[in-house]
Amino acid sequence: MKKLLVWLLVLLLCSTALAEPLPQWPHTFAGKVVHSYDSDTLKYTVERFSYEKVRCYVTKLWMAEPGRQIRKATGVWEESLAMPADMAQQVEGSVLAVNGSGYVSPTFPEIPDNYPGSSPDYFYTPLGSLTITDGEVFRNLVGVPFYGLTLQADGLHLHVGEDNEAILQNAPTQTWSFYEGCPMIVDHESILDETWSFAKAHAIRTIIAKMDDNNYILLTVTSEERYGLSLIQCVDILQSYFAPVWAYDLDGGPSSALMCRKDPADKWTMVFGGKRQDADIMAFTE
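From a predicted model like this one, the values you see are computed outputs, not experimental measurements.

A. The arrangement of the overall build of the chain in detail. When helices and strands are counted, the chain shows 6 helices and 20 strands. Burial statistics for the chain: of 286 residues in total, 50% are counted as buried. Of the contacts made within the chain by residues no fewer than 6 positions apart, 67% connect residues no fewer than 24 positions apart. Just so you have it, the chain exposes about 13,300 Å², and 54% of that area is on carbon and sulfur atoms.

Set out below in structure tokens:
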């Protein structure tokens, strides 16, 4: 009987540790909470702060089962983009969402040099040599390495120039991708190319960073008060105050969107952006 009680106590302590939400920032750099949500399976706080006179938001997110609770919604493959709020509405039980992949369109026709074919072949599709939505492979450019995020059974994984076939062996269900230089932090260390013009430019940003198996950070940089931050500055924020395992720059600029709601049945509150059509979103659900 005593052994049984000991094992029950151990299991209780383990489950409590797994459910522990992300610690607060140091008092010297705490943001103002403007939105929050708290349930047994998902918790978030959206906090507003200023950095170098630029208004930003950091969303601290905890999920009990990230592999199940992170979802994706998209426009129509090769036909159209979609408004972020409309895509978020497609994800049942979602209470938080951000814009996702960069994309190719007549307005933004550039594709990497190692992609086969020409730009029109990729119109109204996300960037990335591998595209998977809800387990279905829409694109697999053989021999073109993948830079981006996959969702696997245990949550999000960052890939920096990895072989698609090796990635597929882990049965990813979703992908998100942008430029090849968008992986920012790997194993707590910055890998950002600070000579890259895109990294140096001041811009609106949407960045996701992994803290541990259950905790993630979303950093949203706006154009309010002053226009944007560089990726170099964003790395400094993340490393100084969070020290994430990895960080990845999702699409930004006019494509940025940060949406939340207090109940899956409520209307979406657009915290920032969301005024432009995107290729896909990343949503977080109960």
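B. Spatial organisation of the pairing of strand E10 (residues 146-152). Across the 7 residues of E10, 7 count as buried, placing the element largely inside the fold. Bridging between E10 and strand E11 (residues 155-162) involves 7 bridges; their strand directions are antiparallel. By the bridge assignment for E11, Thr 150 is matched with His 157. Connecting the antiparallel pair E10 and E11 is a turn made up of 2 residues. Inspection of the sheet shows E10 paired to strand E12 (residues 174-177) by 4 bridges, in the antiparallel sense.

C. Local environment of the pairing of strand E8 (residues 130-133). Along E8, one buried face is formed by Leu 130 and Ile 132 and the opposite face, lined by Thr 131 and Thr 133, is buried too. Note that E8 and strand E9 (residues 136-140) share 4 bridges and pair antiparallel. Looking across to E9, one finds that Thr 133 is bridged to Glu 136.

D. Inspection of the layout of surface pockets at higher detail. As a volume, the largest pocket reaches approximately 520 Å³. Looking at the largest pocket, it is lined by 30 residues, and the ones nearest its centre are Gly 102, Leu 127, Phe 178, Tyr 179 and Asp 251. Contributing elements (two or more residues each) for the lining of the largest pocket: E10 and strand E17 (246-250). Taken together, the residues of the lining of the largest pocket sort by class into 17 nonpolar, 7 polar and 6 charged.

E. View of the sheet that holds E11. As summarised here, the arrangement of the 3 strands in space is E11-E10-E12, forming an open sheet in which the pairing is antiparallel. Edge positions in the sheet fall to E11 and E12, since each has one partner strand and no second. Averaged over neighbouring strand pairs, the angle between their axes works out to 25 degrees when direction is ignored.

F. The arrangement of the pattern of salt bridges in detail. All told, the structure shown has 4 salt bridges when counted by the stated rule. In this structure, Lys 43 engages Asp 38 in a salt bridge whose closest nitrogen and oxygen atoms are separated by 2.9 Å. Between Lys 60 and Glu 47 there is a salt bridge, with its nearest N and O atoms 3.0 Å apart. Of this pair, Lys 60 sits in strand E3 (residues 54-63) while Glu 47 sits in strand E2 (residues 42-51), placing them 13 residues apart in sequence. Exposure class is identical for Lys 60 and Glu 47. Each is buried.

G. Region of the structure containing the sheet that holds E2. Across the sheet, 8 strands lie side by side as E1-E2-E3-E16-E15-E17-E13-E14; this open sheet has antiparallel pairing. For this open sheet the edge positions go to strand E1 (32-38) and strand E14 (189-190), each flanked by a neighbour on one side alone. Taken together, the 5 bridges between strand E15 (residues 205-210) and E17 define a ladder with antiparallel strand orientation. Bridge assignment links Ile 207 to a residue of E17, and that residue is Asp 249. Against the sheet, helix H6 (residues 231-241) touches E2, strand E13 (183-186), E14, E15, strand E16 (215-221) and E17, its axis set at about 25 degrees to E13.

Quick notes on the rules
Residues numbered from 1 in each chain as written. Predicted model: local features only at pLDDT ≥ 70, side-chain atom pairs only at ≥ 80, totals over all residues. Heavy atoms only, no water. Helix = DSSP H or I, 4+ residues; strand = E, 2+ residues; numbered from the N terminus. Buried < 20%, exposed > 50% of the residue type's maximum accessible area, 1.4 Å probe, protein only. Contact = heavy atoms within 4.5 Å. Areas by Shrake-Rupley, 256 points an atom, 1.4 Å probe, with all protein chains shown as cover. Pairing = 2+ DSSP bridges. 1 Å grid on protein atoms, 1.4 Å probe; cavity = no way out; pocket = protein on both sides within 12 Å on 5 of 7 lines; lining within 4 Å. Points joined across faces, edges and corners; volume = space filled by probe spheres on them. Nonpolar A, V, L, I, M, F, W, Y, C, P; charged D, E, K, R; others polar. Axes fitted to C-alpha atoms, helices over the stretch in contact; angles between N-to-C directions. Salt bridge = Lys/Arg side-chain N within 4 Å of Asp/Glu carboxyl O.

It is worth stressing that arrangement in space is one thing and function is another; only the former is reported here.
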